[in-house]
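# Understanding the architecture of this molecule
Listed below, chain by chain, are the residues.
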Amino acid sequence: MTQQHSQHLIAGVNDKIPVGKSLILGLQHVLSMDLYIMPLILGGAIGLKGGDLSFLLQMSFFACGIATLLQSGLFMRYPIVQGPSYVPLAALCAIGATMGIPTMIGSLLPGAVVIMLLGVTKAFSKFIRKAIPPFIGGIIILIVGLTLVPTAVTGVFSTSGDFTVNAVGGCVTFIVLLACMIAQYRMRNSRILHMFSVIIALATGTLVSWLMGGTDFSAVGQASWFSLPHVFHFGAPQFNLQACLLMTVVYLFVLLDTTGTWFTVQAITGEPMEDERIDRGTVGEGLGCLVGALFGGTPMTGYSSNAGLIAITKVASRRVVIAGGAILVCLGFCPKLMAVITSLPTPVINGVFAMVCMTLISNGVKMVKDTVMDDRATMILGVSVMSGVSTMILPDSVIQMAPQFIQYFLSSGIAVGGTVAIVLQLLLPKTQGSEAVRTQRTDAADDSGAGSAVGGDGLKLGSGIGGGSGSGVGPGDAGEVAGAVRIASAQC
């Protein structure tokens, strides 16, 4: 980890945190996740009810925990929490509703193996080195921040239930977290405030919502204490060639999605991201998706919201994320504890998510500004951001006129904007003069400890985190629900 980043983190990626504190900080990661939303939407769309829907939710928690332990503990070895990806939601709804759940499960298995092979053969790391320099990584992060804003805002001001209660609970959560971050800036040595600001905000928002009658914990009393997870609860997988090919392509979008989170964690922590780590992470991503498919049909991706917590809490230790993964596994065995998490008001969680969006945008701008903005860079930035943001306002009627595969692609602003940025990066010729200036600026930034570079020994993305409030997060999953649900509802 670079010296500059180490000065702005309470604990680095490989620093050891006591077990008790790790569990508390890991719980903070779990509480701030909305990982139960995607399986609930998917289950409802494919006709699951009652015990089957509860079981899908339970298996989602369990699979997320296993995938997190694998990725953070063995493969990528970054503090990355894995959760259900929203990118393939529309495709899964269509397959599950028309061909059945066993075919939906079967469609996920080959694609997960393909992702693992991309890591084993080192093909994905070679692609990243050529196609995704720090400038493109910054654009992807910026696009994600912009495309997640509608999801966060509509989640806070939800019309589902009492609008006033939703708005007050979500806004109080956001304001409390913002106040904690301002206090962090003024009191730079307040380690407790740094580490537990998210729990403070969530607890305050939940309390306010409860006082206004907007929190319902009745599901906790109805849930059982213990239930064993098992594979293929909905029957042995069945394989349809068209469905398998479709999901294999969609998995590539999921991989692009999670790669953005890798970039962001690297930018926040300063921990090098060499080719070997990328290859291991790709294998871990595929294995996590395989686990998700076996236990419930929810492919996994690195969650940007949890990367944002690292920027807010200044604790980047893998031990904390591993503890969070262990908690998720335990929740997979205990539906009652899982019910406590799912009873947290969604607007309150989105209050935290809104702060994550803010840090996304700011960190994307930080990474982009280190590039000389010549005509080529300006074109890549403008076209890719416009393409990604346009997915938020495309009318449903226009989307439904496109072929089915294009509809899945348009459901992800990250996939659209990121793909455009990568294609332009590969196609547009580079001018020698601008490259020389860019090299000089990068060298100067490296000397001052606040730049970003592509090193000769591996991909290295860095960005300065100024003061006590500088932060950043990367693309993940939760923000894709807006576009994905729009298409899912049209098709399912």
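About the cut-offs
- Residues numbered from 1 in each chain as written.
- Predicted model: local features only at pLDDT ≥ 70, side-chain atom pairs only at ≥ 80, totals over all residues.
- Heavy atoms only, no water.
- Helix = DSSP H or I, 4+ residues; strand = E, 2+ residues; numbered from the N terminus.
- Buried < 20%, exposed > 50% of the residue type's maximum accessible area, 1.4 Å probe, protein only.
- Contact = heavy atoms within 4.5 Å.
- Areas by Shrake-Rupley, 256 points an atom, 1.4 Å probe, with all protein chains shown as cover.
- Axes fitted to C-alpha atoms, helices over the stretch in contact; angles between N-to-C directions.
- Parallel < 35°, antiparallel > 145°, perpendicular 65-115°, else oblique.
- Left-handed = near helix turned anticlockwise from the far one by under 90°.
- Nonpolar A, V, L, I, M, F, W, Y, C, P; charged D, E, K, R; others polar.
- Arc of directions from axis to C-beta.
- pLDDT = per-residue confidence, 0-100.
- Polar contact = N/O pair within 3.5 Å; in protein donor to acceptor, adjacent residues only side chain to side chain.
- Core = buried A, V, L, I, M, F, W, Y, C linked by side-chain atoms within 4.5 Å.
- Patch = residues over 30% accessible without salt bridge, like charges linked within 9 Å, V, L, I, M, F, W, Y side chains within 5 Å.
- Salt bridge = Lys/Arg side-chain N within 4 Å of Asp/Glu carboxyl O.

For the protein chain, the helix and strand inventory stands at 23 helices and 2 strands. Within the span of the protein chain, comprising 492 residues, buried residues form 61% of the whole. Considering only residue pairs separated by 6 or more positions, the protein chain has 88% of its internal contacts joining residues 24 or more positions apart. For the protein chain, the accessible area works out to roughly 18000 Å², and carbon and sulfur atoms hold 67% of it.

For the rest of this paragraph, the subject is the packing of helix α7 (residues 123-131) against helix α13 (residues 275-295). The geometry of α7 relative to α13 is characterised by a closest axis approach of 8 Å and an angle of 125 degrees between their N-to-C directions. Taken together, the axis directions place α7 and α13 in an arrangement best described as oblique. Classified by chirality, the crossing of α13 by α7 is right-handed. Along the contact surface, α7 presents Phe124, Ser125, Ile128 and Arg129, while α13 presents Asp275, Ile278, Asp279 and Thr282. For the contact of α7 with α13, the class distribution of residues is 3 nonpolar, 2 polar and 3 charged.

Moving on: α7. Restricting attention to buried positions, one finds in α7 the residues Phe124, Ser125, Ile128 and Ala131. Mapping the buried residues of α7 onto a view down its axis gives an arc of 150 degrees, with all of them on the same face. Opposite its buried face, α7 presents the exposed residues Lys126 and Lys130, each directed more than 90 degrees away. Along its buried surface, α7 packs onto α6 (101-120), α8 (134-156), α12 (241-269), α13 and α21 (413-427).

For the rest of this paragraph, the subject is helix α14 (residues 304-313). The buried count for α14 comes to 10 of 10 residues, which makes it a mostly enclosed element. Buried within α14 are the following residues: Ser304, Ser305, Asn306, Ala307, Gly308, Leu309, Ile310, Ala311, Ile312 and Thr313. Taken from the residues just after α14, Lys314 is the one with a positive phi, measuring 65 degrees.

The next thing to look at is the packing of α12 against α13. Orientation of α12 relative to α13, taken along the N-to-C sense of each, is 130 degrees, at an axis distance of 11 Å. As judged from the angle between their axes, α12 and α13 are oblique. The element α12 and its partner α13 pack so that their crossing is right-handed. Packed against α12, whose contacting residues are Tyr251, Val254, Leu255, Thr258 and Trp262, the element α13 presents Ile278, Gly281, Thr282, Glu285 and Cys289 at the interface. Its residues assigned to classes, the contact of α12 with α13 shows 6 nonpolar, 3 polar and 1 charged.

This part takes up the confidence of the model for the protein chain. Within the protein chain, residue pLDDT values average 76, and 81% of them lie at 70 or more. For the protein chain, per-element mean pLDDT is lowest for helix α23 (residues 481-491), which scores 40, and highest for α6, which scores 92. Under a pLDDT of 50 for its full length, residues 1-7 has, in the predicted model, 19 contacts with residues more than four places off or in other chains. Contacts from residues 435-492, a stretch scored under 50 in pLDDT, to residues over four places away or in other chains number 202 contacts.

This part is about the side chain of Ser72. On the secondary structure map, Ser72 appears in helix α4 (residues 50-74). For Ser72, a relative accessible area of 0% gives the class buried. Only 3.0 Å separates the side chain of Ser72 from the backbone oxygen of Tyr78, close enough to count as a polar contact.

On to the nonpolar core. Ile136 and Ile139 are the most contacted members of the largest nonpolar core, which totals 113 residues. No other element matches the 13 residues that α12 contributes to this core. Discounting residues that sit within four places of it in the chain, Ile136 has contacts with Ala131, Ile380, Ala421, Ile422 and Gln425. Among the nonpolar cores identified, the runner-up in size contains 7 residues, and Ile10, Ala11, Ile17 and Phe196 belong to it.

A surface patch of nonpolar side chains, about 580 Å² in accessible area, is lined by Leu207, Trp210, Leu211, Met212, Phe217 and Val340. The dominant element in the nonpolar patch, judged by the number of residues it contributes, is helix α10 (residues 191-211), at 3 residues. Structurally, Trp210 is set in helix α10.

Now for the pattern of salt bridges. Across all of its chains, the model carries 4 salt bridges by this definition. A salt bridge links Arg277 to Glu271, with the shortest nitrogen-to-oxygen separation between them at 3.7 Å. Comparing Arg277 with Glu271, the two get one shared label, buried.

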